[in-house]
Amino acid sequence: MQFHYLLASLVLLLAVYPYVSAGPTGPAALKVLSSFVLITGVYAVSNRRRQVVIAVLLAVPAFGLGWLHIITGDPALGSAESVFTLLFYAFTALVGLSRVLGTRRITTDTIYGAVSVYLLMGLTWATAYNLVEGITPGSFSAESGAGFTFPAFIYFSFVTLATLGYGDITPVTDQARSLALLETVSGTLYIAVLIARLVATAGWRTDATDE
């Protein structure tokens, strides 16, 4: 069961980040949680050597640049970290999606993988929003008028992915709006395709049993 560690680290990150991200040690605490996701993500794709190599090549720079950014506060390091982290999350989600949709037998690991992919999608888009705001400040606006941090984009990303749309954070630039639109579409399509695939898999098992 390769996805259960990844799912546990993702749930831990999403459940704990609001309580540890505040204060002077907040960024470091959030980075620790993110590091767990990187490590468990590499393990989740470790069934094939090529996948492991690609995952490591993305995770190591993301890990190193992330901690250097925490230590130095250099915005350029933060942007570079976001690029590698975004690519790692996207790659891990695609590998997980391929395995979930390619299975002909539903197991607990299949369910763990499906949920992990959905949560990784949210983090991927959150990282993309954070990167866009870092490169072009003012790409998003908030009703509260407060500045944006990565935890704020985690919230905005999952609200957008689930098509809730509270409206307290709004994309302003065309680039930000395009990302939000793509996330909404991807979230809706993922649920539809996943349900269809799981139903089809269950049908295959029923046919096999009847034979």
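The structure reproduced in this document is the subject of the present report. Since we're looking at a predicted model, the values are computed, not measured.

Re the pattern of salt bridges
Applying the stated rule across the entire model yields 2 salt bridges. In this structure, K31 and E81 form a salt bridge, with 2.3 Å as the shortest nitrogen-oxygen distance. Placement of K31 in helix α2 (residues 26-44) and of E81 in helix α4 (residues 75-102) is noted, with a sequence separation of 50 residues between them. Given a relative accessible area of 14%, K31 falls into the buried group. Using a relative accessible area of 11% as the deciding quantity, one classes E81 as buried. The partner of R99 in a salt bridge is D109, with the nearest N and O atoms 3.9 Å apart. Here R99, found in helix α4, pairs with D109, found in helix α5 (residues 108-135); they are 10 residues apart in sequence, far enough to count as distant. Residue classification places R99 among the partly exposed positions, given a relative accessible area of 24%.

Quick notes on the packing of aromatic side chains
Per the counting criterion, the structure on display carries 10 aromatic pairs. With centroids separated by 6.4 Å and ring planes inclined at 40°, the aromatic side chains of Y129 and F153 adopt a geometry described as tilted. Of this pair, Y129 sits in helix α5 while F153 sits in helix α6 (residues 150-161), placing them 24 residues apart in sequence. Look at F153 and you get buried, because its relative accessible area is 0%. Through a chain of ring-to-ring contacts, three or more aromatic side chains come together here, namely Y129, F140, F148, F153 and F156.

Side note on the nonpolar core
Within the largest apolar cluster, 50 residues are counted, with the highest numbers of intra-cluster contacts made by F88, Y129 and F140. Put simply, the parts of the chain that give this core at least two residues each are α1 (3-20), α2, α3 (49-72), α4, α5, α6 and α7 (174-210). Apart from the residues lying within four places of it in its own chain, the contact partners of F88 are V37, L38, G41, V42, A55, L58 and A59.

Comments concerning unusual backbone geometry
In this model, T163 sits at a positive phi of 55°, which is unusual for a non-glycine residue. Mapped onto the elements of the fold, T163 is located in the loop between α6 and β2 (169-171). For T163, a relative accessible area of 44% translates into the label partly exposed.

Looking at the packing of α4 against α5
Contact pair α4 / α5: the axes reach a minimum separation of 8 Å and the direction vectors enclose 155°. By the angle between their directions, the pair α4 and α5 is classed as roughly antiparallel. Crossing geometry of α4 relative to α5 is assigned as left-handed.

Some words on the side chain of T127
In this fold, T127 is placed in helix α5. A polar contact is formed between the side chain of T127 and the backbone oxygen of L123, at a distance of 2.8 Å. Not counting residues up to four positions away in its chain, the partners in contact with T127 are S82, T85, L86, Y89 and F150.

Some remarks on α4
Along an α-helix, residues three or four apart share an orientation, since each turn contains 3.6 residues. Taking 1.5 Å of rise per residue, 28 residues should cover 40 Å, and α4 covers 40 Å from first to last C-alpha, within 8% of that figure. Backbone nitrogen of A76 and a side-chain oxygen of the N-cap are separated by 3.0 Å at the start of α4; the cap is D74.

Looking at α2
With 19 residues, α2 should reach 27 Å at 1.5 Å per residue; the first-to-last C-alpha distance of 27 Å fits that figure. Those residues of α2 that fall on the buried side of the exposure criterion are G26, L30, K31, L33, S34, S35, V37, L38, T40, G41, V42 and A44. The inward-facing, buried residues of α2 abut α1, α3, α4 and α6.

What counts and how
- Residues numbered from 1 in each chain as written.
- Predicted model: local features only at pLDDT ≥ 70, side-chain atom pairs only at ≥ 80, totals over all residues.
- Heavy atoms only, no water.
- Salt bridge = Lys/Arg side-chain N within 4 Å of Asp/Glu carboxyl O.
- Helix = DSSP H or I, 4+ residues; strand = E, 2+ residues; numbered from the N terminus.
- Buried < 20%, exposed > 50% of the residue type's maximum accessible area, 1.4 Å probe, protein only.
- Phe/Tyr/Trp six-rings, centres within 6.5 Å; stacked < 30°, edge-to-face > 60°.
- Core = buried A, V, L, I, M, F, W, Y, C linked by side-chain atoms within 4.5 Å.
- Contact = heavy atoms within 4.5 Å.
- Axes fitted to C-alpha atoms, helices over the stretch in contact; angles between N-to-C directions.
- Parallel < 35°, antiparallel > 145°, perpendicular 65-115°, else oblique.
- Left-handed = near helix turned anticlockwise from the far one by under 90°.
- Polar contact = N/O pair within 3.5 Å; in protein donor to acceptor, adjacent residues only side chain to side chain.
- Expected span 1.5 Å × (residues − 1).

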